[in-house]
Amino acid sequence: MCGIFGCILKNGNAAPIIHSALKKLEYRGYDSVGTATVYKNKLFIKKDKGKIDEVHALHNLDDLPGRIGIGHTRWATHGAPYQVNTHPHTDCKEQIAVVHNGIIENFAELKMELEERGHVFRSKTDTEVIAHLIEEKLTGGLTLAEAAREALRQVVGSYAIAVVSVTEPDKIVCARKESPLVVGVAENALYFASDIPAFLPLTNRSVVIQDEEIIILNDGEYEIRKIPDWELVKREPEVIDWTSEMAEKQGYPHFMLKEIHEQPSCLRSTLRLQDQFLELMTTFIDRAGEVFLVACGTSHNACIAASYMFSKLALSATHPVIASEFVEQHGKSVNIDSTLLAVSQSGETADTLAALECARQRAATVLGLTNVVGSTLTRVARVYVCQQSGPEIGVAATKTFTSQLSVLSQLALRLAKRRGKISHVEIEDLEEKLKQMPDIIERIIQTKEEKLRQIAKKYKDKRCFFFLGRGISYAVALEGRLKLMEIAYVPAIAYPAGESKHGPISLIEPGFPVIFICPKDDTHKTVIGNIMEMKARGASIIALVEEGDEEIKSLADDYIEIATGLPEVLSPIPFVVPLQLFAYYMAVERKCDPDMPRNLAKSVTVK
Ligand code: AGP
């Protein structure tokens with residue numbers, strides 16, 4: 001997730017406006033920043049890696065001539081955050097500048113074809129291919145808008161782009177597909193941005209651009225056309241009645257709720273990971289004598305789910321280990337035949353990095369799954385995959401957890417395929433179901449959020465909760481417990497549902513809330529028995545069930561129905577979403593700040 005912004009002013013300099021607008025988009029990405037302006041038929045570009053303030057201090061981003069310009073603040077996905085990979089990107093002749101938010105899945109083949117036709121690339125990014133494609137179309141006599149359209153018709157993936165060119169110095173051409181793009185309309189200026197906060201201080205009149213639409217910004221007017229058939233679209237600006245602070249959260253009261261709602265689009269991004277890195281990771285896992293999945297907190301819960309995925313799909317035993325325990329538990333035994341997959345959203349968690357260092361010193365292979373390109377984990381891992389969830393501002397991990405599960409399930413599936421442990425029919429079914437996950441989660445959020453808010457209201461004064469699940473749902477129970485504890489400060493216990501009779505059931509008294517995660521998998525029958533034993537002692541049963549599960553619904557005091565027909569190994573992805581919403585609304589009911597819970601930091605860089 002990156003932030004793009006640009007403007008055409010009637011008069012005055014565009015650069016300072018772009019600089020302050022990018023600051024408002026910094027939550028969308030902040031590992032590098034750049035601006036390009038057009039003045040007297042020339043391009044002027046300043047860009048570098050680093051946070052906006054750092055780059056501004058070095059280069060003075062306000063000091064660029066011209067009343068037209070585009071800017072970009074980056075969250076790296078393809079190409080580490082180096083100056084050369086910073087947007088804007090240009091064509092061979094440096095007459096065209098492009099900024100882009102999204103993922104171009106077919107950039108490798110487009111780049112190869114362009115290089116074969118003599119184009120010279122400067123960066124490792126997917127974005128740069130757009131600049132060279134437009135360059136080719138322009139030399140073919142098309143207008144800038146037509147050239148952009150033709151270029152985008154060759155692109156597979158998601159994009160929100162803006163293009164300027166010295167060949168048409170009074171225009172900005174923008175287009176979008178799946179990545180957000182809005183236009184701000186003011187008396188003496190036109191703006192475009194990834195998000196409304198960027199121009200809200202300048203105008204509250206906004207035009208939302210729809211998928212596969214191109215918009216041509218000219219002096220004081222804009223023209224919208226459909227990319228497929230070039231049909232003209234008439235769309236008037238709407239008035240936005242948000243405050244700036246609300247706009248940064250896109251109208252949500254907290255970043256955590258915004259990020260819960262972002263999960264469908266994040267999961268779509270994790271379905272666009274670069275094949276070669278997933279294949280390389282799979283190879284290292286396949287060849288390992290033993291595989292450790294090392295992480296902390298929510299990432300550890302993802303690793304527990306992953307261990308079930310690897311076991312059930314690839315018949316491969318993996319060992320999820322809490323990072324702070326790794327050195328004590330395995331520091332002496334880990335060796336050259338060991339592979340360590342470190343999972344860390346931030347890529348900076350000290351406990352996880354310490355475990356990696358210990359393994360590296362004993363010649364083990366270290367791999368990484370992270371959300372932050374350029375983080376320490378990406379530098380120490382032999383191979384890493386970036387999950388492409390975009391910045392997660394809320395301290396509680398939500399969208400990054402489901403993205404981690406998606407990536408880990410893809411790795412387990414690849415390993416199963418490679419080892420021939422799974423039939424083609426099963427592979428196709430799982431791949432299809434993984435593609436359906438974004439829509440399944442979208443439906444859960446749309447149809448169950450209000451009911452979860454009511455359930456939180458009902459149980460807000462309870463002083464302790466159990467979260468119980470069997471099999472892979474044990475990982476979901478752990479994550480639901482962690483969310484409730486960390487943002488609503490409610491003590492909670494999570495354990496495999498079969499364990500109750502070995503001790504914890506002694507805590508049960510009438511009205512004690514027990515949350516059961518009950519997908520219709522192999523554990524379904526035994527979970528019913530576990531529910532009965534709790535019910536018999538007066539517990540209040542809150543059950544997450546698949547649609548139509550009348551048997552468990554009849555036993556529960558409250559229930560939430562999730563889509564049915566889910567593959568067992570993918571069930572944690574949708575089943576965790578109601579628990580995220582439950583924890584969020586419990587925090588709100590208990591007057592806690594879900595975004596900044598007490599005593600916690602987003603990235604724990606101390607051991
Ligand atoms: C999860 O909600 C917490 N924020 C915390 O447990 C977090 O998952 C843990 O600190 C690990 O962080 P990482 O994924 O960045 O390594």
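A quick note: this is a predicted structure, and the numbers were derived from the prediction, not measured. (Residues numbered from 1 in each chain as written. Predicted model: local features only at pLDDT ≥ 70, side-chain atom pairs only at ≥ 80, totals over all residues. Heavy atoms only, no water.)

(A) Layout of the overall build of the chain. When helices and strands are counted, the chain shows 19 helices and 25 strands. For the chain, whose C-alpha radius of gyration is 25 Å, the value lies close to the compact-globule estimate of 25 Å for 607 residues. For the chain, the C-alpha atoms occupy an extent of roughly 80 × 55 × 45 Å along the three principal directions. With 607 residues in all, the chain has 62% of them scored as buried. For the chain, restricting intrachain contacts to residue pairs at least 6 apart in sequence, the fraction spanning at least 24 positions comes to 71%. Entry remark: accessible area of the chain is about 22900 Å², with carbon and sulfur atoms responsible for 49%. Charge separation in the chain, taken as the distance between the mean sites of 70 positive and 80 negative side-chain charges, equals 2 Å. (Helix = DSSP H or I, 4+ residues; strand = E, 2+ residues; numbered from the N terminus. Rg over C-alpha atoms; globule rule 2.2 N^0.38 Å. Buried < 20%, exposed > 50% of the residue type's maximum accessible area, 1.4 Å probe, protein only. Contact = heavy atoms within 4.5 Å. Areas by Shrake-Rupley, 256 points an atom, 1.4 Å probe, with all protein chains shown as cover. Lys, Arg positive; Asp, Glu negative; His and termini not counted. Charge placed at Lys NZ, Arg CZ, Asp CG, Glu CD.)

(B) Highlighting the pairing of strand S22 (residues 492-496). As paired elements, strand S21 (residues 465-469) and S22 share five bridges and run parallel to each other. Counterpart to Gly 469 in the pairing with S22 is Pro 496. Regarding the hand of the β-α-β motif, the stretch spanning S21, helix H16 (residues 473-488) and S22 is right-handed. (Pairing = 2+ DSSP bridges. Right-handed = clockwise from strand over helix to strand, strands pointing away.)

(C) The arrangement of the site of the ligand in detail. Around the ligand, 15 residues are found, and the nearest of them are Ser 299, Ser 344, Ser 346, Thr 349 and Glu 486. Here Ser 346 contributes a side-chain N or O atom positioned 2.7 Å from an oxygen atom of the ligand. Counting only elements with at least two residues in the shell around the ligand, the list comes to helix H10 (297-314) and H16. Taken together, the residues of the shell around the ligand sort by class into six nonpolar, seven polar and two charged. (Near = heavy atom within 4 Å. Polar contact = N/O pair within 3.5 Å; in protein donor to acceptor, adjacent residues only side chain to side chain. Nonpolar A, V, L, I, M, F, W, Y, C, P; charged D, E, K, R; others polar.)

(D) Molecular detail of the environment of Pro 567. Examined against the element boundaries, Pro 567 turns out to sit in the loop between strand S25 (558-562) and helix H19 (572-589). Along the sequence, Pro 567 and Lys 520 sit 47 residues apart, while their C-alpha atoms lie 9.1 Å from each other. Filtering out sequence-adjacent residues up to four positions away, Pro 567 remains in contact with Leu 430 and Lys 433.

(E) Inspection of the pattern of salt bridges at higher detail. In total, this model carries 37 salt bridges according to the counting rule given. Here Glu 213 and Arg 235 are joined by a salt bridge, their closest N and O atoms 2.6 Å apart. Taken together, the residues span a long stretch of sequence, with Glu 213 in strand S12 (residues 213-218) and Arg 235 in the loop between strand S14 (232-233) and strand S15 (238-239) at a distance of 22 residues. Neither Glu 213 nor Arg 235 differs from the other in exposure class; each is buried. Taking the shortest distance from any N to any O, the salt bridge between Asp 461 and Lys 460 comes out at 3.4 Å. The class of Lys 460 is partly exposed, set by a relative accessible area of 25%. Put simply, Asp 275, Glu 279, Arg 414 and Arg 418 are held in one network by salt bridges that share partners. (Salt bridge = Lys/Arg side-chain N within 4 Å of Asp/Glu carboxyl O.)

(F) Spatial organisation of unusual backbone geometry. With an omega dihedral of 0°, the bond running from His 87 to Pro 88 counts as a cis peptide bond. Structurally, Pro 88 is set in the loop between strand S4 (68-74) and strand S5 (89-90). A positive phi angle is found at Ala 363, which is not glycine, with a value near 70°. By the element assignment, Ala 363 lies in the loop between helix H12 (350-361) and strand S19 (365-370). Looking at Ala 363, the relative accessible area reads 41%, which means it is partly exposed.

(G) Structural detail: the side chain of Lys 433. Among the secondary structure elements, Lys 433 is positioned in helix H15 (residues 424-459). Ignoring any residue separated from it by four or fewer positions in sequence, one finds Lys 433 in contact with Gly 565, Pro 567 and Leu 570.

(H) A look at H12. An ideal rise of 1.5 Å per residue puts 16 Å on twelve residues; H12 measures up with 16 Å between its terminal C-alpha atoms. Listed in full, the buried residues belonging to H12 are Ala 350, Asp 351, Thr 352, Leu 353, Ala 355, Leu 356, Cys 358 and Ala 359. Structurally, H12 contributes buried residues whose contacts are with strand S16 (290-295), helix H11 (323-330), strand S18 (338-344), S19 and helix H13 (376-380). Immediately downstream of H12, the backbone of Ala 363 shows phi near 70°, a positive value. (Expected span 1.5 Å × (residues − 1).)

(I) Structural context of a negative patch on the surface. Together, Glu 109, Glu 113, Glu 115 and Glu 116 make up a region of like negative charge exposed at the surface. Mapping Glu 115 onto the fold places it in helix H3 (residues 107-116). (Patch = residues over 30% accessible without salt bridge, like charges linked within 9 Å, V, L, I, M, F, W, Y side chains within 5 Å.)

(J) Region of the structure containing the pairing of strand S3 (residues 42-49). Two strands pair when backbone bridges link them, and strand S2 (residues 32-39) and S3 are joined in this way by eight bridges, in the antiparallel orientation. When the sheet's bridge partners are listed, Val 38 is paired in S3 with Leu 43. Hairpin geometry of S2 and S3 is characterised by an intervening segment of two residues between the two adjacent antiparallel strands and by a positive phi of about 50° at Lys 40.

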